[in-house]
Structures are given as C-alpha cells and as structure tokens.
Amino acid sequence: MTPPSEPPQPASESERAARSGSWRSEDRLLARAARQGGGWLLLMSLTTLVLAGIQLVLPAVLGRALDAVVGHAPRTWLVWAAALLAMLALGAALNEVADGAAVAKSTAWLRVGVLRQILGLGTRQSQRLSAGELASRLSANADDAGKVAPDVVQFCAGLLTAVGALVALALIDLRLCLTFLAGIPLLLWALHSFAGRASGIAQRYLDVQGSIAGRLVDALSGARTIAAAGTVDQEVRRVLAPLPELHELGVGTWREQTRIMAQEALLLPLLQIAVLAVAGVQLTHGRITVGEMFAAAQYVALASGVISGVSVVSQVTRARGAARRALDVLDTAMVRYGSEELPPGPGQIDFHDVSVATGGRTVIDGLDLCIPAGSLVALVGPSGSGKSTLAALAARLLDPDHGDVLLDGVALSVLPKPELRRAIAYGFERPALIGETLGDVIAFGEDQPSHETVVRAAMAAQADFFIRRLPGGYDTKLADAPMSGGEAQRVGLARAFAHAGRVVVLDDVAASLDVATEQSVTRALTEEFADRTRLIVAHRASTAARADSVIWLERGRVRGMGTHHDLWRNPEYRSLFGPDQHQTLGRSEVEALPIRSGA
Ligand SMILES: Nc1ncnc2c1ncn2[C@@H]1O[C@H](COP(=O)(O)OP(=O)(O)OP(=O)(O)O)[C@@H](O)[C@H]1O
Ligand SMILES: [Mg+2]
C-alpha cells in the first residue's frame, strides 16, 4: 500500500486566494483525504467495479439458467450462475475490508493534520474555539469527512451499473430503455433540490453538535466548582440549551429525507411498472422470451436501485460540512517560526515598544525594557497588571500586537522553534503534566535530558524527596501518583529547570508552595542557575528581595524599576505584599533564611 503523505498543512495566503477557483476548498480537502486511502481505495474501487459487473451480468445469466431449467438453454448456464454467486460473496467480503482500511487511512490523515494544527496555534487563536469544539472537529468531523471516498466510489459504480442496466435493457428491447429514460430528468431534479436543502441543515447540525461538546468539556473541567456551587441543574440546562435546535435540525433532516424518499418511492415503481408493461406487450408479441422478460424486470430494478442517490447525497453533504469545519481549524493562522540563528549570546532580553491588546483593551502598553543577561529579575504588580502577559511575551508564548521582543539581539519571531524552546524554559503557575511517568513529565520537551539532569532539576524544584517516596520513584506512573497542588507545581517547575536554556521564565510557580519551600526554590534559582537570565513573577517580598532587580508593573506599564530595597521606600510598592511577609528583610538577611530539608 502507498506510504501515508504529509497531513494537511495550513493554507498559505496564496493558497487561500486560489480557493476562489471552481473547486471549492472543502471538496479539495475531501479529495486529498480520499487519496490517502491509496492501495486500499484502489482495491475497494476494483472490487466495487467487479461487483457491479457481476450484478450486471447476473440477471442475464440467471435468466438463461431459468431458460435452462425449462429446457430452452444449455445446462452450463446453471454452473455459470453458481460461479457468479460465489464470486459475488468473495468480492463483497474483500470490498468490505478494503473499504474499512481506506476510511481508516483518510480519517487518520485528517486527524493528524487537524491535531498538528491545533497544537501549533498560538494562545490567542486556540482560545477562539473551546476544547470541546476542537475535540468534535478532531473526532466526529474527521470521521465523517474520511468516509466520503468509498461512498463516492460506490455511487459512481452504481451509476455505471445503472448505465449498464439501461444498455442491457436496450439490448433486450430498445423501447424498454427509452421508457425508463423518460422518467430520469424528474428524478435528477428532485435529488438536486434535496442536496441544496440538506446541505445547509447538515452544516448547522454539526455546528450545534460542536457547541454542545464545547459546553460539556467546559462543565467537565469545572466539575468541582459546579459541585461546590451546587449549580449542577443549571449547568445541565446550560450544556443542553442548544438541544432543541439540534432536535429541530434532526427533524428537518428526516423531513427532507422523507420527502425525497417519497418522491423516489412514487417515481421509481411507476417507471418499473411502465417498463414491465412495455415488456409484457413485447412478450405477447413473441419479440422477447420469458427469460428476457425476467432479465428485464431485474435490470429495471437494478437501474432504479442504484440511481436512488439519497444516501450518498446525504453522506456527501455531511462530509462537506465536516470538511468545512476541519478547514476552519486548518485555515487558522499558526504561529510562524523563522530560520535565523541565535548567536551564542549570554541571554539578554529586550522589549522594544511592545504592546498587547486583548478584547480591545490594552494589556501591555508600549513597553521598553532590558533584562540584562545572567540577572535574576522579579516581576511584581497587582493582579491583572500584565505580569503573566509580559512573561509569556518573553518566552514567545504570545506575540505582541506591536513592537519586538529580542533575545541576544534577535527577534524571537524569527527564531526556529527548536532553537527558541531550547534557549528559553518556561514554568507555569498551573502546569499541565504530560507524560507516562513522573520522570517522563520532567523530561518532556524539545530535547530529552539525562536522568541525572532530571533528578538535579527535581532537587532544585524541591520535588525529588516526595518523588523518591513514591513506590516507583521517578518511574511511578502519573496516574498512580495523586499530587497536591503544590506537588504538581513543583513537578512542573522541575520540568522547566530540566530544560533551562540561557533564559528561565517562571510565572508564579510558587503560588501553591509554602514559604520555606518557596525560599528553597528561590535559593536554587540564585545559586544553581546563577549564569542564566531569570525572569520570575513574584508575589512574595522574600522572592523580590533575592532578585538583582525588580520590575513593578501597573496597568501594563512599568511603574517602577530597581532593587527591592530601593523600591521598598515607596508605600504603594510595600502595599503589594501582605503584612505577614519578610518585607523588611534585605537580600543578605533573606539568604540567611532556613532552607527546607529535602529528605
Ligand atoms: N486569555 C486572555 N484573554 C483576554 N484577556 C486576557 C487573557 N489573559 C489575560 N487577559 C487580560 O490581561 C490582563 C493582564 O493579565 P495577566 O494575566 O497578565 O495579569 P497578571 O498580572 O499576571 O495577574 P495575576 O497576578 O492575577 O496573575 C488582565 O486584565 C486580563 O483581563
Ligand atoms: Mg498572572
């Protein structure tokens, strides 16, 4: 079978412009997905053709076999009839297997492409669609779109069979064929108007389904809050709010299908009766045999059956709706990386006139900053002042709307992704722990650090002692290691330490840590990572006091900069920290604080 090709890539501007051509983009995506079926699709098409051929000759052969039974044809026709029936069974089995494999390949290709795209979206773009919406596009929609090729092949083979059946009818008697053809334009008109109406309903149905999935995933991720607030009933109502519309659309689909089926149910038997009436007349005039009359009845049924395109039109409209939803994700601009080399600089970060706005509100406002290489800089400020946004900008987890962020003189936006991720490590306030074992979680990243590095990082993050207490140590499965908020935070911090490049950015990684643990972590930052540039969002005076300098943010602007000691003179600065903190301690006094013992 053919090797899988690259999953769907995001569209470039020129590709998007080219989509105004005659082939609509969702059809193009469906065609590309279909091609992934490769050899299996070929086998499926071949067996479908063979089956169609068998179906075509079977009525004639069965007619001859019937004539043979009554003694009007040689007995060998009975053997031919048996052989054809055996081939029909074998062909149908092969066809089923090839169909399944082709669909699986197309669906997998689409899923890999959409998943890659989702993971490559920037923070802003990925927030446009909820997790449930994305999941529905990745699962159900990719499935619908991946199924389309065998349906179309079956339909085309059906059309060929219908044409063949009509030719066979013409060979028996031209009048039979012409009688059948007279009704075809009406049938095509009915199918065409059905496709138009069904397409709009199918698209909306998928959208509403996606919205329910989105609400459900939100509810599941907030299950504890919902339980604590006692709002389960309201939440059930919220999740199911689009259900009436979904119901209406479902009923609409059935209504359309019933209408077209009724039209077909009326038209096709009328056609069959007309053809059979003409055949009866021909039989009484002795122009055709009993066997030919039997074959004509079979052919007219065959032509009617395969011409009935309701199911394939429904499948294709659904597949196109699904492909459109996949394209909506594939068309979203991914974060782009450059190919500039990073000089072996020491890790200086510069912000040049950087601004960020979210929801029409300025969050970072024309920031000019220099974070000197090798320094430990604390970022402080009231909640919502833009600390996390600034930290995300420094690690290019977010791109500015205006201005540039530079690392050692090179804009972060022009660096290749591996180089960027190797140079800057990031620790999150609420880390997502990804990996099979705890060791994997800490090692997770662009490069695979050694076990020694993982252990050293865990020690620095004050995670080593509780990991060692687990039955499997670093090999303990994540699922078997229930962790408190602070423990999970320390494992996440260990991951950042294990990948510390020239820069380490830590966003409120001590939020769930007790004071002593936080001090141990800060001490590791000042001692073990003394040669790196460290930018840490801090809420505690003791952390700010250990820093070489402090950036005080207020409403997205720098309110003050300097050492903690100097800033401390400002009562507004002091008010940022709670009264129970070591606010009056200088750096040397803080360093003398007791360190929490590891073992
Ligand atoms: N994903 C987002 N979408 C829209 N607005 C956001 C988003 N994240 C943050 N903001 C807005 O940006 C502003 C700054 O947020 P940021 O998270 O940087 O604050 P912070 O200083 O880290 O606060 P905290 O100390 O509470 O963590 C906030 O007012 C917030 O409303
Ligand atoms: Mg924050």
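This one's a predicted model, so the numbers in the text were calculated from it and none came from an experiment.

## Concerning the packing of helix H2 (residues 25-35) against helix H4 (residues 76-120)
Next, step 1: Viewed as axis vectors pointing N to C, H2 and H4 meet at an angle of 125 degrees, and their least axial separation amounts to 7 Å. Taken together, the axes of H2 and H4 are oblique relative to one another. Here H2 runs over H4; the crossing is right-handed. Contacts between H2 and H4 involve Leu29, Arg32, Ala33 and Ala34 from the former and Ser106, Trp109 and Leu110 from the latter.
Next, step 2: Among the residues making up the contact of H2 with H4, the classes are represented as 5 nonpolar, 1 polar and 1 charged.

## A few points about the domain arrangement of the protein chain
Next, step 1: You can read the domains of the protein chain as domain 1 (20-330) and domain 2 (349-432 + 503-592).
Next, step 2: For domain 1 versus domain 2, the separation of C-alpha centres amounts to 58 Å.

## Re the site of ligand 1
Next, step 1: Inspection of the region around ligand 1 gives 13 residues, with Arg361, Ser383, Lys387, Ser388 and Thr389 positioned closest.
Next, step 2: One of the side-chain N or O atoms of serine 383 is found 2.5 Å from an oxygen atom in ligand 1.
Next, step 3: Within the side chain of serine 388, an N or O atom sits 2.8 Å from an oxygen atom of ligand 1.
Next, step 4: In isolation ligand 1 exposes 630 Å². Once the protein is present, 63% of that is buried.
Next, step 5: Residue assignment for the shell around ligand 1 shows that the elements contributing at least two residues are strand S2 (361-371) and helix H15 (387-394).
Next, step 6: With 3 residues, the top contributor of residues to the shell around ligand 1 is H15.
Next, step 7: For the shell around ligand 1, a count of residues per class yields 2 nonpolar, 9 polar and 2 charged.

## Here's the deal with the sheet that holds strand S3 (residues 376-380)
Next, step 1: Across the sheet, which stays open at both edges, the 6 strands sit in the order S6-S7-S8-S3-S9-S10 with mixed pairing between neighbours. Pairing within the sheet leaves two strands with one partner each, and these edge strands are strand S6 (424-427) and strand S10 (557-562). Pairwise comparison of adjacent strand axes, ignoring direction, gives a mean angle of 15 degrees for this sheet.
Next, step 2: Of the pairings in the sheet, the one linking S3 to strand S9 (residues 549-554) comprises 4 bridges and is parallel in character. The partner of leucine 379 across the bridge, within S9, is isoleucine 551.
Next, step 3: Strands S3, S6, strand S7 (503-507), strand S8 (533-537) and S9 of the sheet are contacted by H15, whose axis makes an angle of about 155 degrees with S8.

The rules behind each value
- Residues numbered from 1 in each chain as written.
- Chains lettered and ligands numbered in written order.
- Predicted model: local features only at pLDDT ≥ 70, side-chain atom pairs only at ≥ 80, totals over all residues.
- Heavy atoms only, no water.
- Axes fitted to C-alpha atoms, helices over the stretch in contact; angles between N-to-C directions.
- Helix = DSSP H or I, 4+ residues; strand = E, 2+ residues; numbered from the N terminus.
- Parallel < 35°, antiparallel > 145°, perpendicular 65-115°, else oblique.
- Left-handed = near helix turned anticlockwise from the far one by under 90°.
- Contact = heavy atoms within 4.5 Å.
- Nonpolar A, V, L, I, M, F, W, Y, C, P; charged D, E, K, R; others polar.
- Domains from an automatic or database assignment.
- Near = heavy atom within 4 Å.
- Polar contact = N/O pair within 3.5 Å; in protein donor to acceptor, adjacent residues only side chain to side chain.
- Areas by Shrake-Rupley, 256 points an atom, 1.4 Å probe, with all protein chains shown as cover.
- Pairing = 2+ DSSP bridges.

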